[in-house]
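Residues per chain, in single letters:
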Amino acid sequence: MPLKTMDATVATFDGAFEKFRSEAPKNKVNLILFLADIDLSTSVSWCPDCVRAEPVIYEKLKASSDDVALLRAYVGDRPTWRNPHHPWRVDSRFKLKGVPTLVRWEDETVKGRLEDHEAHLEHKIETLVAGQ
């Protein structure tokens, strides 16, 4: 089944998230991946954990036999993310502590999450996608 992706920044998140939520019932699995922006001077994410996790996450999601929707939410550059008042750090739905963070969104709430130190682990991604 196809992997459906949608991208959002802090500025565009509310609209993208509403669309994601409205389409969620059509999908077997709905995930949000919070990750760091690409550093324009290097063309690579400023977050080494994101660089390590992203290809593994995409590979596992593309291999899934389920309809999977993925909202990629970019947290901004390093100074923006380091701000303790970053919108997704203080948002009661997400309470982000690090990036990357992969969350399973189900029934209008977070039903599971993989934090930065575990988001690259294949077996944990598989478990999250399976809803276990």
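This report concerns the structure included in the present document.

About the cut-offs
Residues numbered from 1 in each chain as written. Predicted model: local features only at pLDDT ≥ 70, side-chain atom pairs only at ≥ 80, totals over all residues. Heavy atoms only, no water. Core = buried A, V, L, I, M, F, W, Y, C linked by side-chain atoms within 4.5 Å. Buried < 20%, exposed > 50% of the residue type's maximum accessible area, 1.4 Å probe, protein only. Helix = DSSP H or I, 4+ residues; strand = E, 2+ residues; numbered from the N terminus. Arc of directions from axis to C-beta. Contact = heavy atoms within 4.5 Å. Polar contact = N/O pair within 3.5 Å; in protein donor to acceptor, adjacent residues only side chain to side chain. Expected span 1.5 Å × (residues − 1). Bend = angle between axes of the 7 residues up to and from the residue.

## Here we look at the nonpolar core
The biggest cluster of nonpolar side chains holds 41 residues, and the ones touching the most others in it are Ile32 and Phe34. Looking at this core, the elements that each hand over two or more residues are strand 1 (3–9), helix 1 (13–23), strand 2 (29–35), helix 2 (48–63), strand 5 (68–74), strand 6 (101–106) and helix 5 (122–130).

## Details of helix 5
Each turn of an α-helix holds 3.6 residues, which means side chains three or four residues apart point in the same direction. Those residues of helix 5 that fall on the buried side of the exposure criterion are Ile125, Leu128 and Val129. Seen end-on, helix 5 carries its buried residues on one side only, within an arc spanning 100°. Here the buried face of helix 5 lies against strand 2, helix 2, strand 6 and strand 7 (109–114).

## With respect to the side chain of Glu118
Mapped onto the fold, Glu118 is located in the loop between strand 7 and helix 5. What makes Glu118 buried here is its relative accessible area of 13%. Separated by 3.0 Å, the side chains of Glu118 and Lys124 make a polar contact. With residues near it in sequence (within four places) discarded, Glu118 still touches Arg113 and Lys124.

## Section: helix 2
Taking 1.5 Å per residue as the helical rise, helix 2 with its 16 residues ought to reach 22 Å, and the 24 Å between its terminal C-alpha atoms agrees with that figure. Residue Glu54 marks the point of greatest curvature in helix 2, where the axis turns by about 25°; the proline Pro55 follows within four residues. Contact partners of the buried residues in helix 2: strand 1, strand 2, strand 4 (44–45), strand 5, strand 6 and helix 5.

## Side note on the environment of Pro100
By the secondary structure assignment, Pro100 is in the loop between helix 4 (87–90) and strand 6. With relative accessibility at 1%, the residue Pro100 sits in the buried group. Taking the C-alpha atoms as reference points, Pro100 and Lys60, 40 residues apart in sequence, are found 15 Å from one another. The residues contacting Pro100, other than those within four sequence positions of it, are Leu33, Phe34, Cys47, Asp49, Cys50, Ala53, Leu114, Glu115, Asp116 and Ala119.

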